[in-house]
Amino acid sequence: MAVWDDLVGQTRVEEQLAAAARDADALVTAHAAGEPAPDASKMTHAWLFTGPPGSGRATAARAFAAALQCVSPDRALGGAPGCGFCDGCHTTLVGTHADVEIVRTDLLSIGVKETRDLVRRAQLSPAGGRWQVIVLEDADRLTEGAGNVLLKAVEEPAPRTVWLLCAPSLEDVLPTIRSRCRHLTLRTPPVEAVADVLVRRDGIDPETAHAAARATQGHIDRARRLATDERARARRSVVLKLPLRIDDVGGCLKAAQELVDAAAEDAKQLAEETDVKETEELKAALGAAQGGRMPRGTAGAMKELEERQKRRRTRTQRDSLDLALTDLTGFYRDVLALQLRSRTALANTDVQDALERIARDTTPERTLRRIEAILACRKALDRNVAPLLAVEAMTMALRG
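Along each chain, the written sequence defines residue order, and numbers are assigned to residues from 1. This being a predicted model, a pLDDT of at least 70 is required before a residue's local features are given, and a value of 80 or more before pairs of side-chain atoms are given or counted; all residues contribute to the totals for chains, interfaces and linings. To obtain the side-chain values, all non-hydrogen atoms of the structure were included, while hydrogens and water were left out.

Asker: Can you help me understand a negative patch on the surface in this one?
Answerer: Only residues above 30% relative accessible area that lack a salt bridge enter a patch, with like-charged residues linked at up to 9 Å and the nonpolar side chains Val, Leu, Ile, Met, Phe, Trp and Tyr linked at up to 5 Å. The accessible surface values rely on the Shrake-Rupley method and a 1.4 Å probe; as for residues, cover is taken only from the protein chains in view. Every case where a carboxyl oxygen of Asp or Glu lies within 4 Å of a side-chain nitrogen of Lys or Arg is listed as a salt bridge. Counted as positive: Lys and Arg. Counted as negative: Asp and Glu, with His and the chain ends omitted from the count. To locate a charge, take atom NZ for lysine, CZ for arginine, CG for aspartate or CD for glutamate. Taken together, Asp-261, Glu-265, Glu-272 and Glu-273 make up a surface patch of like negative charges. In this structure, Asp-261 sits in helix H11 (residues 249-285). Secondary structure elements follow DSSP: runs of H or I of four or more residues count as helices, runs of E of two or more count as strands, with numbering from the N terminus.

The structure is reproduced here in structure tokens:
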């Protein structure tokens, strides 16, 4: 299986990356042989992958990183890099390659300290691979200071270092950084392609796979979760009932509280799974006796871990809320499609009665204003507005 097989519905991007990987292989081969570099290479030192959630930005970056590290002997016979089976491809895809650093964050932002560590690593020559590759999956979460630190590294990279940055859109990255990157835009995969992947790779029955792909509008990870996780289906069902429960102020406030509480519960469940394990591992690393007191001078490390865990819970709660708001946006998008008699396929056919009821009782203009209220709530959450306050304002606007 070639590394590109995980890119669903991204034929144009796959072709561009495959061509660049071939040129990158030629560059390294020429360098090793002491020959001049080939002319008109499609390879460059910095790339920016953008696309909507679920389009596979990080998947594309990882596949490209694997192709850059491919050591398949077939290359010498004219085969394309990115076989998916050699040691270079395999270790990159599973995250253990010594010369591939994959950076993702479960926090709200990536700060200056972490970015400086990445920049220092980027100056090193490859330890054993063909390139030193830094994959930054959340480039949109760089603080302004961190972006300025990264700028010089992207501007003047080491000879065999490649930066692969991922972000939802160009506007999420500093103009000075994006102007120095080669830009690739990924699209939302077609529903049929996502359903096919769920059937072939996850063994999900076709009907369930297609329903999940349609409900998530081509978001691969969300579709997989919806098809396999009963809790995810239950939460989505609750969200899609919200438009019918906000007939009065009391209903609006209650619905908002339930949405926020559900997101907090998600964060709590994740914390229960990871926080205890992290704390125990750190205590053991610092030399704490089993069930005993911590050694002197270790309070700072424990406090830093607690602060990180607190920020992660905040991020998890916001991500869970954002997922609910995305489902709610999809509901009103279907309402609008019915009102305008569009031929666009509905995403939420399992609640079609509710869609038709609201479509009859309101106007397209009102539906658009409701969608705008949901988008305003998402923006408010990004600006650190208290979640309950933002969601209450949204539910009141939805009632209108």
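Having put the structure on the table, let's press on.
Asker: Looking at this structure, I do not really get the pairing of strand E1 (residues 46-50). What am I missing?
Answerer: Here is the key point about a regular strand: its side chains alternate between the two faces of the sheet. Of all 5 residues in E1, 5 are buried; the element is thus mostly enclosed. For each residue, the accessible area found with a 1.4 Å probe, counting protein chains only, is set against the maximum for its type, and the residue is called buried under 20%, exposed over 50%, and partly exposed in between. Side chains Ala-46, Leu-48 and Thr-50 of E1 all project onto a buried face; the interleaved residues Trp-47 and Phe-49 project onto the opposite face, where all are buried too. Note: two strands are recorded as paired if DSSP finds a minimum of 2 bridges between them. Here E1 runs beside strand E4 (residues 161-167); their pairing, made up of 5 bridges, is parallel. Its bridge partner lying in E4, Trp-47 is registered against Leu-164. Strand direction decides the pairing type here: E1 and strand E5 (residues 182-185), joined by 4 bridges, are parallel. Bridging across to E5, Thr-50 finds its partner in Thr-185.

Asker: Just to check I follow, could you spell out the sheet that holds strand E2 (residues 100-103) for this structure?
Answerer: Sheet strands associate in pairs through backbone hydrogen bonding, adopting either a parallel or an antiparallel arrangement. Spatial strand order, E2-E3-E4-E1-E5: 5 strands in an open sheet with parallel pairing. For this open sheet the edge positions go to E2 and E5, each flanked by a neighbour on one side alone. Taking the axes of each pair of neighbouring strands and ignoring which way they run, one obtains an average angle of 15 degrees across the sheet. Where E2 meets strand E3 (residues 132-136), 4 bridges bridge the pair, whose relative direction is parallel. Bridge pairing links Ile-102 to Val-135 in E3. Whether two residues are in contact is decided by their heavy atoms, any of which lying within 4.5 Å being enough. Angles run from 0 to 180 degrees between N-to-C directions of axes, and those axes are lines fitted to C-alpha atoms, restricted for helices to the stretch in contact. Docked against the sheet, helix H1 (residues 11-32) engages E1 and E5, running at close to 150 degrees with respect to E5. Packing of helix H4 (residues 112-122) onto the sheet brings it into contact with E2, E3 and E4, and relative to E3 it is tilted by some 160 degrees.

Asker: Which parts of the structure should I look at to understand a nonpolar patch on the surface?
Answerer: A contiguous nonpolar surface patch, about 210 Å² in accessible area, is contributed by Val-249, Leu-253 and Met-396. Position of Met-396 among the secondary structure elements: in helix H15 (residues 387-399).

Asker: Honestly, the pairing of E4 in this entry has me stumped. Any pointers?
Answerer: The element E4 is largely enclosed, with a buried count of 7 among its 7 residues. Along E4, one buried face is formed by Thr-161, Trp-163, Leu-165 and Ala-167 and the opposite face, lined by Val-162, Leu-164 and Cys-166, is buried too. When E3 meets E4, the two strands line up parallel, connected through 5 bridges. Bridge assignment links Gln-132 to a residue of E4, and that residue is Thr-161. Note on the crossover from E3 through helix H5 (residues 144-155) to E4: the handedness is right-handed. For the handedness criterion, the strands are oriented away from the viewer, and a crossover whose path from the first strand over the helix to the second runs clockwise is classed as right-handed.

Asker: What exactly am I supposed to notice about the side chain of Arg-62 here?
Answerer: Position of Arg-62 among the secondary structure elements: in helix H2 (residues 57-68). N or O atoms within 3.5 Å of each other form a polar contact, as long as, within protein, one can give a hydrogen and the other can take it, and as long as residues adjacent in sequence are counted only when both atoms are side-chain atoms. Side-chain polar atoms of Arg-62 contact the side chain of Glu-137, separated by 3.2 Å. Apart from the residues within four sequence positions on either side, Arg-62 is in contact with Thr-92, Leu-93, Ile-102, Arg-104 and Glu-137.

Asker: Looking at this structure, I do not really get the packing of aromatic side chains. What am I missing?
Answerer: Each aromatic ring pair is described using two quantities: the centre-to-centre distance and the angle formed by the ring planes. Classification of ring pairs rests on two measures: the distance between centres of Phe, Tyr or Trp rings, Trp counted by its six-membered ring, which must be within 6.5 Å, and the angle between planes, read as stacked under 30 degrees, edge-to-face over 60 and tilted in between. Taken as a whole, this structure holds 2 aromatic pairs when the rule is applied. Note on Trp-47 and Phe-64: the rings are 4.9 Å apart at their centroids and 70 degrees apart in plane angle, and the pair reads as edge-to-face. Taken as a pair, Trp-47 in strand E1 and Phe-64 in helix H2 lie far apart in primary sequence, 17 residues in all. Exposure class is identical for Trp-47 and Phe-64. Each is buried. Each ring, one from Phe-331 and one from Tyr-332, has its centre 5.4 Å from the other, and the planes form 80 degrees; the classification is edge-to-face. Judged on exposure class, the residue Phe-331 and its partner Tyr-332 are both buried.

Asker: Teacher, can you tell me more about the environment of Gly-51 here?
Answerer: Within the element layout of this structure, Gly-51 appears in the loop between E1 and H2. For Gly-51, a relative accessible area of 4% puts it in the buried group. Along the backbone, Gly-51 and Val-351 are 300 residues apart, and their C-alpha atoms lie at a distance of 29 Å. Beyond its immediate sequence surroundings of up to four residues, Gly-51 is in contact with Arg-57, Ala-167, Pro-168 and Leu-186.

Asker: Would you take a moment to explain the side chain of Asp-25 for this structure?
Answerer: For Asp-25, the position within the fold is in helix H1. Setting aside its immediate chain neighbours within four residues, Asp-25 contacts Arg-75, Pro-81 and Arg-130.

Asker: Any chance you could explain the packing of helix H7 (residues 191-202) against helix H8 (residues 206-215) here in plain terms?
Answerer: In the contact formed by H7 and H8, the axes pass within 8 Å of each other and the chain directions differ by 140 degrees. Considering the angle they form, H7 stands oblique to H8. Viewed along their axes, H7 and H8 form a crossing whose handedness is right-handed. Contact residues: Val-191, Glu-192, Val-194, Ala-195, Leu-198 and Val-199 in H7; Pro-206, Ala-209, His-210, Ala-213 and Arg-214 in H8. Orientation labels follow simple angle bins: below 35 degrees gives roughly parallel, above 145 gives roughly antiparallel, 65 to 115 gives roughly perpendicular, and whatever is left gives oblique. Left-handed describes a crossing in which the near helix is turned anticlockwise from the far one by less than a right angle; the clockwise case is right-handed.

Asker: Help me out: how do you make sense of unusual backbone geometry in this one?
Answerer: Glycine aside, residues mostly have negative phi, and peptide bonds are mostly found in the trans state. Phi at Gln-217 is positive, roughly 55 degrees, even though this residue is not glycine. Along the chain, Gln-217 turns up in the loop between H8 and helix H9 (220-228). You will see that Asn-384, though not glycine, has its phi angle at about 70 degrees, which is positive. With respect to the helices, strands and loops of the structure, Asn-384 is situated in the loop between helix H14 (364-382) and H15.

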